[in-house]
Number of protein chains: 2
Amino acid sequence: MYHQSSPMIRAGARSSADAAILGGPATLASIFAGQVIERLDAGEALFWQGDAARDLFEVVTGALRTVRVLSDGRRVITGFLFAGDVVGVSLKDRYLATVEAIAPTEARRLRRHHFEDLIERRPSLRPQLIEHLCDEMTAAQEQVVLLARKSAEERVASFLLSLVHRRYGQPHPGYRLFLPMTRLDVADYLGLTIETVSRIMTRLVSRDIIANQGRFIVIKRPAALAEIAMDDDDGDLAEAFAS
Amino acid sequence: MYHQSSPMIRAGARSSADAAILGGPATLASIFAGQVIERLDAGEALFWQGDAARDLFEVVTGALRTVRVLSDGRRVITGFLFAGDVVGVSLKDRYLATVEAIAPTEARRLRRHHFEDLIERRPSLRPQLIEHLCDEMTAAQEQVVLLARKSAEERVASFLLSLVHRRYGQPHPGYRLFLPMTRLDVADYLGLTIETVSRIMTRLVSRDIIANQGRFIVIKRPAALAEIAMDDDDGDLAEAFAS
DNA sequence: CGCTCTCTTGAGCCACGTCAAAGGGTGTGG
DNA sequence: CCACACCCTTTGACGTGGCTCAAGAGAGCG
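Figured I'd write up the structure that's included with this text. Just so it is clear, the model here is predicted, and its values are computed rather than measured.

1. Focus: the interface of chain A and chain B
Now for step 1: At the interface, 50 residues of chain A touch 50 residues of chain B.
Now for step 2: A buried area of about 4,700 Å², summed over both sides, lies between chain A and chain B, and 62% of it is on carbon and sulfur atoms.
Now for step 3: Of all residues in chain A, the largest losses of buried area upon contact with chain B belong to Arg 68, Met 137 and Arg 149 of chain A, amounting jointly to 15% of the total for that side.
Now for step 4: Connecting chain A to chain B are ten salt bridges.
Now for step 5: The shortest N-O distance in the salt bridge between Arg 149 of chain B and Asp 188 of chain A comes to 2.7 Å.
Now for step 6: Joining chain A to chain B, the criterion identifies 19 residue pairs in polar contact (both at pLDDT 80 or more).
Now for step 7: Looking at the side of chain A that touches chain B, the element that brings in the most residues is helix H3 (residues 125-149) of chain A, giving 18 residues.
Now for step 8: Within the side of chain A that touches chain B, the residues separate by chemical class into 22 nonpolar, eleven polar and 17 charged.

2. Examining the protein's contact with DNA strand C
Now for step 1: Around DNA strand C, the surrounding shell holds 16 residues, and the nearest of these are Ser 198, Arg 199 and Thr 202 of chain A together with Thr 196 and Arg 199 of chain B.
Now for step 2: With respect to DNA strand C, the side chain of Arg 183 of chain A contributes an N or O atom lying 2.9 Å from a phosphate oxygen.
Now for step 3: Within the side chain of Ser 198 of chain A, a nitrogen or oxygen atom sits 2.8 Å from a phosphate oxygen of DNA strand C.
Now for step 4: For the surface near DNA strand C, the elements supplying multiple residues, two or more each, are helix H6 (194-206) of chain A together with helix H6 (194-206) of chain B.
Now for step 5: Examining the composition of the surface near DNA strand C, we find that five residues originate from one element, H6 of chain A, more than from any other.
Now for step 6: A per-class count over the surface near DNA strand C returns three nonpolar, eight polar and five charged.

3. A short note on the side chain of Thr 98 of chain B
All names here are of chain B.
Now for step 1: Residue position: Thr 98 is located in strand E7 (residues 98-101).
Now for step 2: At a separation of 3.0 Å, a polar atom in the side chain of Thr 98 contacts the main-chain amide nitrogen of Gln 49.
Now for step 3: Once you skip the residues sitting within four places of it in the chain, Thr 98 turns out to touch Ala 45, Phe 47, Trp 48, Gln 49, Arg 65, Thr 66 and Val 67.

4. Regarding the packing of helix H4 (residues 152-167) of chain B against H6 of chain B
When two helices pack together, their arrangement is given by the angle between the helix axes and by the axis-to-axis distance.
Residue and element names in this part refer to chain B.
Now for step 1: Between H4 and H6, whose axes approach to 10 Å, the crossing angle comes to 75°. When the interaxial angle is binned, H4 and H6 end up roughly perpendicular. Of H6, the residues touching H4 (which contributes Ala 152, Glu 153, Val 156 and Leu 160) are Thr 196, Ile 200, Met 201, Arg 203 and Leu 204.
Now for step 2: Grouping the amino acids of the contact of H4 with H6 by side-chain chemistry returns six nonpolar, one polar and two charged.

5. Digging into the sheet that holds strand E5 (residues 75-82) of chain B
Now for step 1: Taken in spatial order, the four strands make up an open sheet running E2-E7-E4-E5 (chain B), and their pairing is antiparallel. Edge positions in the sheet fall to strand E2 (45-47) and E5 of chain B, since each has one partner strand and no second. Each strand axis lies, on average, 30° off the axis of its neighbour in the sheet, ignoring direction.
Now for step 2: The pairing of strand E4 (residues 63-69) of chain B with E7 of chain B spans four bridges and is classified as antiparallel. Each bridged residue has a counterpart across the sheet, and for Val 67 of chain B the counterpart in E7 of chain B is Thr 98 of chain B.
Now for step 3: Where H3 of chain A meets the sheet, its contacts fall on E4 and E5 of chain B, and the angle it forms with E5 of chain B comes to roughly 125°.

6. Concerning the pattern of salt bridges
Any two side chains of opposite charge can pair, on the condition that their charged atoms come close.
Now for step 1: Summed over the entire model, instances satisfying the criterion amount to 40 salt bridges over all chains.
Now for step 2: One salt bridge in this structure joins Arg 74 of chain B and Asp 72 of chain B, with 3.0 Å as the shortest N-O distance.
Now for step 3: Judged by its relative accessible area of 45%, Asp 72 of chain B is partly exposed.
Now for step 4: Connected via shared salt-bridge partners are Arg 65, Arg 75, Glu 100, Asp 185 and Asp 188 of chain A together with Arg 149 of chain B.

7. Some words on the protein's contact with DNA strand D
Now for step 1: In the region of DNA strand D, 17 residues are neighbours, and Ala 152 and Thr 196 of chain A together with Arg 183, Ser 198 and Thr 202 of chain B sit closest.
Now for step 2: Backbone atoms, meaning sugar plus phosphate, form 61% of the atoms of DNA strand D positioned within 4 Å of the protein.
Now for step 3: In the environment of DNA strand D, a phosphate oxygen lies 3.0 Å from a nitrogen or oxygen atom belonging to the side chain of Thr 193 of chain A.
Now for step 4: Measuring from a phosphate oxygen of DNA strand D, one finds a backbone N or O atom of Arg 183 of chain B at 2.8 Å.
Now for step 5: Going through the elements one at a time, H6 of chain A together with helix H5 (183-190) and H6 of chain B are the ones with two or more residues in the surface near DNA strand D.
Now for step 6: For the surface near DNA strand D, the element with the highest residue contribution is H6 of chain B, accounting for five residues.
Now for step 7: For the surface near DNA strand D, the residue count by class is four nonpolar, eight polar and five charged.

Rules behind the numbers
Residues numbered from 1 in each chain as written. Chains lettered and ligands numbered in written order. Predicted model: local features only at pLDDT ≥ 70, side-chain atom pairs only at ≥ 80, totals over all residues. Heavy atoms only, no water. Contact = heavy atoms within 4.5 Å. Buried area = accessible area lost by both parts, 1.4 Å probe. Salt bridge = Lys/Arg side-chain N within 4 Å of Asp/Glu carboxyl O. Polar contact = N/O pair within 3.5 Å; in protein donor to acceptor, adjacent residues only side chain to side chain. Helix = DSSP H or I, 4+ residues; strand = E, 2+ residues; numbered from the N terminus. Nonpolar A, V, L, I, M, F, W, Y, C, P; charged D, E, K, R; others polar. Near = heavy atom within 4 Å. Axes fitted to C-alpha atoms, helices over the stretch in contact; angles between N-to-C directions. Parallel < 35°, antiparallel > 145°, perpendicular 65-115°, else oblique. Pairing = 2+ DSSP bridges. Buried < 20%, exposed > 50% of the residue type's maximum accessible area, 1.4 Å probe, protein only.

Next comes the structure, spelled out in structure tokens:
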């Protein structure tokens, strides 16, 4: 809107996506199949909050953060994106947040009107679209619960577990989790400060629940982490058995 | 799921909604036109978190809260619902939160499969559905920003303003805002305690920004409230003019 | 080897939570 | 019509979890 647009070159061509789709399996991700891959360095933005929402993207490799900034500079990260994720589906006319690469990233761009055409022509995509939006909604709700009522330690534990689940499923003890984002990113995601995140992490290390290997975290005792995180699925079960 | 279902009687009949729709204006709200009105007293639940998501509802009169509870009893309110609002559109197979009446409430029930049929048969409803989901997403994002980075005073100011905007638009000085929910509800919505909410309110009163008239709040100086709230729309504008 | 950027660690402080008690308001029963 | 009970709200005194400020310690990189 008031910012210059993303530093990437070559708008996604109209391409052979149609053909690919009209014969293919027609999953949400597959509709990006024919699109040109665009590259971003760490720190570059895919788009800015307030920009006209002209495109959707599929992340091919790398990692990104979705950022919102208050007028006085306070920063909030509302989510992280990894390979396979699709961005920009919140089909307002303007993007709700800035999306920046955390690490070198590759993404495919799809024009929004093109996307909408496809949704129109391929009814089987619709439930997937709805489901995608509902998944985003679920994640947002979970984040609201975390921010409204969880302690710093619970937030960090929840964060680590949610990353593990997203990238792996149920972790076995010793699972090695890659954290491409900085402590500042984590802090801005969890509504904490760098220092607090750091202190909590070292506390978890000293309790032998995780280990710190540079940009990797080893999940030594997933069960302990889940207990700290107050995963409310477990909670509901506990409630159910109690009554 | 593990709870007994809502205390309401009479499931929404299959009714004349079809007829009404296939000839009518086909807005999301209008598809509830033919449905029987069901009544709830304050405190009764429309449905419970985890219940099979069989129905959608349109609020006719009254007010409700959407509640999530952690295993140890900590409570989070993720939103409030008023006349005209539609609930249950997050079409997962289970409800994401419990929805309870704050005050005596009337609502119309629509079977989910019926709703999905309508969406299928009336393409003009689809963009409205998408837009509805995106509006919910926007609200959730705003709440995440509020909870992650705003102070108690900013939260209360933001809350009052958002209610005013929702029910009235831009307020004139002296606008009288009805607050059907208790301080506890407000606190659980803003991630604060009753006491903090109460203290902030009396501070705003003593600064002559609002006045307290029982269950009503008079917005005496909307501009002052907006300044406190750090409405980030304003923020972006400021940024834009600065650079 | 020095520069920069990120992360850790410590000391002190403050916004908000906790605990406690005292108002109102409203409904109910005597 | 009063008395009592109950609930919600306000207010005060005090405690504390996480923030602020400050100083190192790694770790990549030219």
